[in-house]
Amino acid sequence: MKILRKTIKMLITISLILVLVAPTTLAESETSINGQRLQDDFSAYVAGSDGSPKWITDDISWEVNNGCFENNSLKKSFAKYDSTVGTDLTFESEVTIQVSQGDKYKSAGISVYSDNNNYWSLALVEGPEAKNKMHYIELQEMFNGQWCVQDYGETKLKVGSYVGDGIEWKYNQPYVLKISLNNKSITGVVCELDGKKIWEKEYIFSSENCTKKGIPALTSAAVETKYDNAKCTINKKVYEVNAVSSYPELKIKTDTTINGKKTGFFHTQKIGDKWWVIAPDGKGFIAVGTQRMTYKGIYSEALGYSPYEQNVKSIYGSEEEWAENTAERLNSWGFNLLGIDSAPSLRHRGLAHTVSFGFGNSFSKYGEDYVIYGLDASNHCFPNVFSPKFVYYCDDLARKVIQEDQNDPWLFGYYLDNELSWWGQSFDTTYGLTDLVIKKDKTHTAKIALINWLQNRYGNISSLNKAWGTDYTSFETLGKMTSFTGKNQLVINTDKTDFEKVIIEKYYTITTGAIKKYDKNHMILGSRNGSGIEKCYDLVWGIGRNYTDISTFNYYGKVDLQAETAYDQIKVNGVYQNVELSEIFAQIYNKAKQPIMISEWSFPAYDSGLPCTEGAGMRVDTQTERAKAYEIYQKALFNMPFLVGSEFFMWVDPPAEGLTKSYKLDTNYGLVNEKDEPYALVTSVAKAINGNVYSLRD
């Protein structure tokens, strides 16, 4: 009987999964499903889990501990149950607010969630100090991005039952919050654990101007909250008709004399002595891109707005018109790729596109526990890849970003990050990140990982002391050290280098693994490394090639306008010397042993009217010289047999007032100025050079 009951329970669970986990599709209608139920008491998760795969969170602050789901995010955050969309459902959960954070409005509760702009929320709320931190309960609607619309204007709804005016909730007291939604009304109820009802409110639907469908979700803002015993019954779901995503026919300029493997997606292939990207139709392709093309342009903290955005709104009136005009210009100037941070509205208009995750860049913003190299003034950082949350974070981000991209033939590939601080403490060693880990507190997960790794390598502290020429009393003592020194420093440095390999390997394993879980079709374009010639990158190239299709890096070299050569000053035997760009890039290629792509370069000019005080790149005096520099540099790139792409930085100039106080970036990088006017000398040269990329490559 016990086996039978277990089998029946398993079949019910499978049936529930089949009903509740539905594919994203296009057409929809209602269908009855006879009261399908879900229940989660959060007892089946590993401690520290983010609730996946059942729950989809939008912040790393969600964590399962001691049989409860907890959140401490300062901003409004959701944990959505990965279920079918319901139109007739009830959802409840125990909610306990434990600790207040900040001095603004605070709330925690449950939601029927359609999307970020459309949902109902039943919540326990605390007002700000200006309102005496009053405690109350609310049932509120977000509709088309507007909050509290159920009580105002054309979207005002009639109130049905209402009980509990003046009720105040208490900290550290659990309440059961319950939402009931059908096609006629929505009702929110709050009870104590013994079932005593303390609050109830109902809104009667009178029009289509309200949210009438969604999935169950938990939500909180600016309070530490725990949730338990979440239950949902869905009586009617949105019946979704499976539809295959379709894309416009891919039409881009290729080298038709090159015949590679036809896979339906971009990929790399070496043909003869040259590396190529092979387009979905099997023809040769070299990526010629620019980046950061958005309708919103670049926001200036000092101005409080984006001058470019204001100007293009006046010129075009809509993003659609802007996108059509911008894509037409890019095509006419010989570009074929939308680089990093470009608007989705530009896609499928004659240019392939890229997608950037920013796994490490974004994870590092959460604070000390989440970094090895903390975020600096130039936005450089390196994530703590040993944090248990990094795996969950990358998986969540990959799932959200990729969505339907896995079948898009226009998608060139995925960037993992931008200019991570691979150098750590020094550009001139192969253990700079390890040195930063050593400086961490003994409780930091990266430091714990290092000490455990050393213990596994040596077995006991005596063996380590013998190898290092040290006299540590225990591995616990070693964990308290902020530097590792000994008589046999060469052995210590070798160990530090080997742990550096662990860091790099773990970064690539987690990030690329997250992408490949959801998309096995498209290229992984690496991490847009800053430079790449320094010693600190040697391990990065060697390990990264096992996980990526193209090694990418940003490189602001120099040009000799008279000799018409591209070069840079790099250390040769400890002394800076002028070295041709082709030789520098050949060194990187020989380390990476796979095709390379320069993902950022530029030459600002002083006659643009911008200060040009901050940001990378050799400055020139005039747009004439800038156009010449573009020609020399781009030609040098196209002539390299191992290089398969080039991204110019960038579409539009930043404001003269800069971006922020800490990151001014007030420099002439744009193909167009803030009035959307092209720098004609530069764009005419771009048209001539870019348009002949395949002949220049011969």
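All of these numbers come straight from a predicted model, not from anything done at the bench.

> Got a sec to walk through the overall build of the chain? Specific residues and values, please.
When helices and strands are counted, the chain shows 15 helices and 34 strands. For 698 residues, the compact-globule estimate of 2.2 N^0.38 gives 26 Å, and the chain sits close to it at 29 Å. Taken along the three principal axes of its C-alpha coordinates, the chain extends 85 × 70 × 60 Å. Split into buried and exposed, the 698 residues of the chain put 53% on the buried side. Long-range pairs, those at least 24 residues apart, make up 68% of the contacts in the chain between residues at least 6 apart in sequence. Of the roughly 30,600 Å² of accessible surface on the chain, a fraction of 50% belongs to carbon and sulfur atoms. Averaging the locations of the 74 positively and 85 negatively charged side chains of the chain gives two centres separated by 5 Å.

> So, the environment of Leu338: which residues are in play, and what are the values?
Relative to the helices and strands, Leu338 resides in strand β22 (residues 337-338). Remark: the alpha-carbon pair of Leu338 and Phe412, spanning 74 residues in sequence, is separated by 9.1 Å. Setting aside its immediate chain neighbours within four residues, Leu338 contacts Thr290, Met293, Leu330, Leu346, Arg347, Leu351, Ala352, His353 and Thr354.

> Explain unusual backbone geometry to me, using residue names and the numbers behind them.
That bond from Ser52 to Pro53 is cis: its omega, 5°, falls within 30 degrees of zero. By the secondary structure assignment, Pro53 is in the loop between β1 (27-40) and β2 (55-57). The linkage connecting Phe649 with the following residue, Met650, adopts the cis geometry, with an omega of 5°. Topologically, Met650 is positioned in the loop between β34 (643-648) and α14 (680-690).

> Would you mind going over the sheet that holds strand β31 (residues 565-572) in detail, with residue names and values included?
In a beta sheet, neighbouring strands are held together by backbone hydrogen bonds and run either parallel or antiparallel to one another. What the 3 strands build is an open sheet, ordered β30-β31-β32; its pairing is antiparallel. Here the strands that pair on one side only, and so sit at the sheet edges, are β30 (558-560) and β32 (575-580). Looking at each pair of strands side by side, their axes are set apart by 40° on average, direction ignored. By the bridge criterion, 6 bridges tie β31 to β32 in an arrangement that is antiparallel. Across the sheet, Ile570 pairs through a bridge with Gln577, a residue of β32. Contacts between helix α12 (residues 581-592) and the sheet are confined to β31 and β32, with β32 contributing the most and set at about 100° to the helix.

> So what's going on with α12? Which residues, and what values?
For α12, which comprises 12 residues, the first-to-last C-alpha distance of 16 Å matches the rise-based estimate of 16 Å (1.5 Å per residue) to within 8%. Here α12 has its buried residues at Leu581, Ile584, Phe585, Ile588, Tyr589 and Ala592. Around the axis of α12, the buried residues are gathered within 140° of arc, so they sit on the same side. Following α12 by one or two positions, Lys593 has its phi on the positive side, about 55°.

> If you had to explain the nonpolar core to someone new, which residues and values would you point to?
Formed by 142 residues in total, the largest nonpolar core has its most connected members in Phe412, Phe585 and Tyr633. Tallying contributions element by element places helix α10 (residues 489-518) first for this core, with 9 residues. Excluding anything up to four places from it in sequence, Phe412 contacts Phe266, Val277, Phe285, Ala287, Leu337, Ala352, His353, Thr354, Met523, Leu525, Ile550 and Met597. Of all hydrophobic cores here, the second largest spans 40 residues; its members include Leu38, Leu89, Val95 and Leu139.

> A description of the pattern of salt bridges should follow, citing residues and the corresponding values.
Counted by the stated rule, this structure contains 25 salt bridges. A salt bridge links Arg329 to Asp676; the nearest nitrogen and oxygen atoms lie 2.6 Å apart. Residue Arg329 is located in helix α3 (residues 319-332), and its partner Asp676 is located in the loop between β34 and α14; the two are separated by 347 residues in the primary sequence. On the basis of relative accessible area, Asp676 is assigned to the buried category, the value being 5%.

> Would you mind going over the packing of aromatic side chains in detail, with residue names and values included?
Scanning the model with the defined rule gives 52 aromatic pairs in all. An aromatic cluster of at least three residues, connected via ring pairs, comprises Phe42, Tyr45, Trp55, Trp62, Phe69, Tyr81 and Tyr227. Here the guanidinium or amino end of Lys201 rests over the ring plane of Tyr162, the centre of that ring lying 5.0 Å away. If you follow Arg697 out to its NZ or CZ, it ends over the ring of Trp276, 4.7 Å from the centre.

> Break down the pairing of strand β15 (residues 215-221) for me, with residues and values.
The buried fraction of β15 is high, at 7 of 7 residues. Side chains Ile215, Ala217, Thr219 and Ala221 of β15 all project onto a buried face; the interleaved residues Pro216, Leu218 and Ser220 project onto the opposite face, where all are buried too. For strand β5 (residues 77-81) and β15, the ladder comprises 4 bridges, and the chain directions are antiparallel. Note that in β15 the partner of Ala79 across the bridge is Leu218. As paired elements, strand β7 (residues 106-115) and β15 share 7 bridges and run antiparallel to each other.

> Got a sec to walk through the sheet that holds strand β29 (residues 551-554)? Specific residues and values, please.
Taking strand neighbours across the sheet as the criterion, the 9 strands line up as β27-β26-β23-β22-β21-β34-β33-β29-β28 in an open arrangement whose pairing is parallel. One side of each edge strand has no neighbouring strand; the edge strands of this open sheet are β27 (523-524) and β28 (529-530).

> How would you summarise the pairing of strand β14 (residues 197-204) if you had to cite specific residues and measurements?
For β14, the tally of buried residues reaches 6 of 8 residues, placing the bulk of the element in the interior. In this structure, the hairpin formed by strand β13 (residues 185-192) and β14 is closed by a connection of 4 residues, where Gly195 is found at a positive phi of approximately 95°.

> How would you summarise the confidence of the model for the chain if you had to cite specific residues and measurements?
Per-residue pLDDT for the chain averages 92, and the proportion of residues at 70 or more is 94%. Confidence drops under a pLDDT of 50 for residues 1-29, and excluding neighbours within four residues, the segment shows 36 contacts in the predicted structure.

> So what's going on with the environment of Trp169? Which residues, and what values?
As for its placement among the helices and strands, Trp169 is situated in the loop between β11 (158-163) and β12 (175-181). For the pair formed by Trp169 and Lys274, sequence separation is 105 residues and the distance between their alpha carbons is 70 Å. Not counting residues within four places of it along the chain, the set of residues in contact with Trp169 comprises Ile97, Leu124, Val125, Glu126, His135, Tyr136, Ile137 and Tyr175. Within the structure, Trp169 has its side chain in polar contact with the backbone oxygen of Val125 (distance 2.9 Å).

> How would you sum up the state of the cysteines? Please name residues and give values.
A full pass over the atoms with the stated rule returns 0 disulfides. Cys210 takes part in no disulfide bond, and the closest cysteine sulfur to it belongs to Cys148, at a distance of 15 Å. Under the relative-accessibility criterion, Cys210 is labelled buried at 6%. The closest cysteine sulfur to the non-disulfide-bonded Cys232 is located on Cys191, 17 Å from its own sulfur.

> Help me get a handle on the environment of Met142, residues and values and all.
Looking at the secondary structure, you find Met142 in strand β9 (residues 135-143). Sequence separation of Met142 and Tyr119 is 23 residues, and the distance between their C-alpha atoms is 5.2 Å. If we ignore the near neighbours within four places in the chain, the residues touching Met142 are Asn116, Asn117, Asn118, Tyr119, Trp147 and Thr211.

> Can you tell me about the packing of helix α2 (residues 307-316) against α3, naming the residues and giving the values?
For the pair α2 and α3, interaxial distance at closest approach is 9 Å and the crossing angle is 100°. The angle between α2 and α3 places the two elements in the roughly perpendicular class. Contacts between α2 and α3 involve Tyr308, Val312 and Tyr316 from the former and Glu321, Trp322, Asn325 and Arg329 from the latter. Of the residues contributing to the contact of α2 with α3, the split by class is 4 nonpolar, 1 polar and 2 charged.

Calculation notes
Residues numbered from 1 in each chain as written. Predicted model: local features only at pLDDT ≥ 70, side-chain atom pairs only at ≥ 80, totals over all residues. Heavy atoms only, no water. Helix = DSSP H or I, 4+ residues; strand = E, 2+ residues; numbered from the N terminus. Rg over C-alpha atoms; globule rule 2.2 N^0.38 Å. Buried < 20%, exposed > 50% of the residue type's maximum accessible area, 1.4 Å probe, protein only. Contact = heavy atoms within 4.5 Å. Areas by Shrake-Rupley, 256 points an atom, 1.4 Å probe, with all protein chains shown as cover. Lys, Arg positive; Asp, Glu negative; His and termini not counted. Charge placed at Lys NZ, Arg CZ, Asp CG, Glu CD. Pairing = 2+ DSSP bridges. Axes fitted to C-alpha atoms, helices over the stretch in contact; angles between N-to-C directions. Expected span 1.5 Å × (residues − 1). Arc of directions from axis to C-beta. Core = buried A, V, L, I, M, F, W, Y, C linked by side-chain atoms within 4.5 Å. Salt bridge = Lys/Arg side-chain N within 4 Å of Asp/Glu carboxyl O. Phe/Tyr/Trp six-rings, centres within 6.5 Å; stacked < 30°, edge-to-face > 60°. Lys NZ or Arg CZ within 6 Å of the ring centre and 35° of its normal. pLDDT = per-residue confidence, 0-100. Polar contact = N/O pair within 3.5 Å; in protein donor to acceptor, adjacent residues only side chain to side chain. Disulfide = S-S within 2.5 Å. Parallel < 35°, antiparallel > 145°, perpendicular 65-115°, else oblique. Nonpolar A, V, L, I, M, F, W, Y, C, P; charged D, E, K, R; others polar.

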